[in-house]
Amino acid sequence: MTIPDINLKELVEAGVHFGHKSQRWNPKMSKYIHSTKENVHIINLNHTVQMLNEALKVIENVVLKGGKILFVATKKQAANKVADLANETNQYYVNHRWLGGMLTNWSTIAKSIKKMKELEIVKLNSDNEFTKKEILKISNQHDKLVKSLSGISEMNKSPDLVFIIDTKLEHIAVSEANLLNIPIVGIVDTNCDPDKIDYPIPGNDDSRRSIELYCSLIRETINSSNDKIEFDNNLNKQDKETVNVKDVSKKEDNSQPLNTTEDTNNDS
């Protein structure tokens, strides 16, 4: 196992247990709600620990099999954190705005990515013949595409898993992943619908500290999984080298003929 230990105290300190105001709840979340305090729902962290563990195991399995994860979070307090997480772990992300069809209409998105890369070449070419006004227009168009597409610019196929913070806000991403049967790990606050998420994690999706904790646990899981892959690869390499050395030794032994005639003459 390469998943980190989940500390209940750490979850409390990060405010993971704070849900939304009781008027803004989704009744489907009732089984994950512990109580109400000052008109705010309190999430039962026993469920969170169990379901977070399960979600991290799913992430671990995807990484160990060489799969890719798409991180989605466009809200201000989460956007930079998921971008950093994805970049540090060599995964994909969307953190500006989910464009309709990012999963279900990939051919159109791929054309936009191609256009973005072409504009970048033009923008960086100091020998181009465009006017300052034209260069400004190209720069603005490029910057707009970069905000939306830079995190998936190297994504050549559908991801193996989607991780979403605030599944209500990112409902289009949820719908597209569901349509393509791509499994979803999602942070579900008390106003979300957990039934649309394959691996829901009941928790605060607004607190910066909570979001940082989620990202930290996922980062540790992915890095540990990659270390395990590297260790196993090195072990396999050593085993193959050992086998090759044994094969060479065997061939050398077999290539030396037994001089039985000489031995017989010497005995006589």
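All figures in this text were calculated on a predicted structure; none of them were measured in a lab.

Caption draft 1: Structural detail: the pairing of strand β6 (residues 161–165). The buried fraction of β6 is high, at five of five residues. In this structure, strand β4 (residues 69–72) lies alongside β6, joined through four bridges in parallel fashion. From the neighbouring strand, leucine 70 faces β6, where its bridge partner is valine 162. For the segment spanning β6, helix α6 (residues 171–179) and strand β7 (residues 184–188), crossover handedness is right-handed.

Caption draft 2: How the structure looks around the environment of lysine 65. In this fold, lysine 65 is placed in the loop between α2 (45–64) and β4. For lysine 65, a relative accessible area of 74% corresponds to the exposed category.

Caption draft 3: Representation of the packing of aromatic side chains in the model. In the structure shown here, the tally under the stated rule is one aromatic pair. Centroid distance phenylalanine 71 to phenylalanine 163: 5.7 Å. Interplanar angle 70 degrees. Geometry classified as edge-to-face. Taken together, the residues phenylalanine 71 in strand β4 and phenylalanine 163 in strand β6 connect sequence positions 92 residues apart. By relative accessible area, which is 0% here, phenylalanine 71 ends up buried. In this arrangement the basic side chain of lysine 68 is found over the ring face of tyrosine 92, its NZ or CZ atom lying 5.5 Å from the centre.

Caption draft 4: A look at the sheet that holds strand β5 (residues 92–94). The strand order across the open sheet built from five strands is β5-β4-β6-β7-β8, with neighbouring strands paired in parallel fashion. The open sheet has two edge strands with one neighbour each: β5 and β8 (199–202). The sheet shows a mean angle of 15 degrees between the axes of neighbouring strands, direction not considered. Summarising the sheet, β4 and β5 pair through three bridges and their orientation is parallel. In the sheet register, phenylalanine 71 faces β5, and the bridge partner there is tyrosine 93. Packing against the sheet, helix α3 (residues 76–89) makes contact with β4, β5 and β6, and its axis sits at approximately 165 degrees to β5.

Caption draft 5: Spatial organisation of the packing of helix α4 (residues 106–124) against helix α5 (residues 132–149). Taken N-terminus to C-terminus, the directions of α4 and α5 make an angle of 135 degrees; their axes are 9 Å apart at the nearest point. As the angle between them shows, α4 and α5 are arranged oblique. Between α4 and α5 the crossing geometry is left-handed. Packed against α4, whose contacting residues are Ile109, Ser112, Ile113, Lys115, Met116, Leu119, Glu120, Val122 and Lys123, the element α5 presents Ile138, Ser139, Gln141, His142, Asp143, Leu145, Val146 and Leu149 at the interface. Its residues assigned to classes, the contact of α4 with α5 comprises nine nonpolar, four polar and four charged.

Rules and cut-offs
- Within every chain, residues take consecutive numbers counted from 1 along the sequence as written.
- Given that the model is predicted, a residue must reach a pLDDT of at least 70 before its local features are reported, and side-chain atom pairs must reach 80 or more before they are shown or counted; all residues, however, enter totals for whole chains, interfaces and linings.
- To obtain the side-chain values, all non-hydrogen atoms of the structure were used and water was disregarded.
- Under the scheme applied here, a residue whose accessible area is under 20% of the maximum for its type counts as buried, over 50% as exposed, and between as partly exposed, the area being computed with a 1.4 Å probe on protein chains only.
- The helix and strand labels rest on DSSP assignments: H or I over at least four residues marks a helix, E over at least two residues marks a strand, and numbering proceeds from the N terminus.
- By definition, two strands form a pair when at least two bridges between them are found by DSSP.
- With the strands aimed away from the viewer, a crossover counts as right-handed if its path from the first strand over the helix to the second runs clockwise.
- Two rings from Phe, Tyr or Trp (for Trp, the six-membered ring) form a pair when their centres sit within 6.5 Å of each other. Planes less than 30 degrees apart are called stacked, planes more than 60 degrees apart edge-to-face, and all others tilted.
- Here, a charge over a ring means that NZ of Lys or CZ of Arg falls within 6 Å of the ring centre while also lying within 35 degrees of the ring normal.
- Structural elements are reduced to axes, namely lines fitted to C-alpha atoms, with helices fitted over the stretch in contact, and the angle between N-to-C directions of any two is expressed from 0 to 180 degrees.
- In this analysis, two residues are considered to be in contact whenever any of their non-hydrogen atoms come within 4.5 Å of each other.
- Note on angle classes: values under 35 degrees are labelled roughly parallel, values over 145 roughly antiparallel, values of 65 to 115 roughly perpendicular, and the remainder oblique.
- Left-handed describes a crossing whose near helix is turned anticlockwise from the far helix by less than a right angle; the clockwise case is right-handed.
- Asp, Glu, Lys and Arg are counted as charged, while Ala, Val, Leu, Ile, Met, Phe, Trp, Tyr, Cys and Pro are counted as nonpolar; the rest, among them Gly, fall into the polar class.

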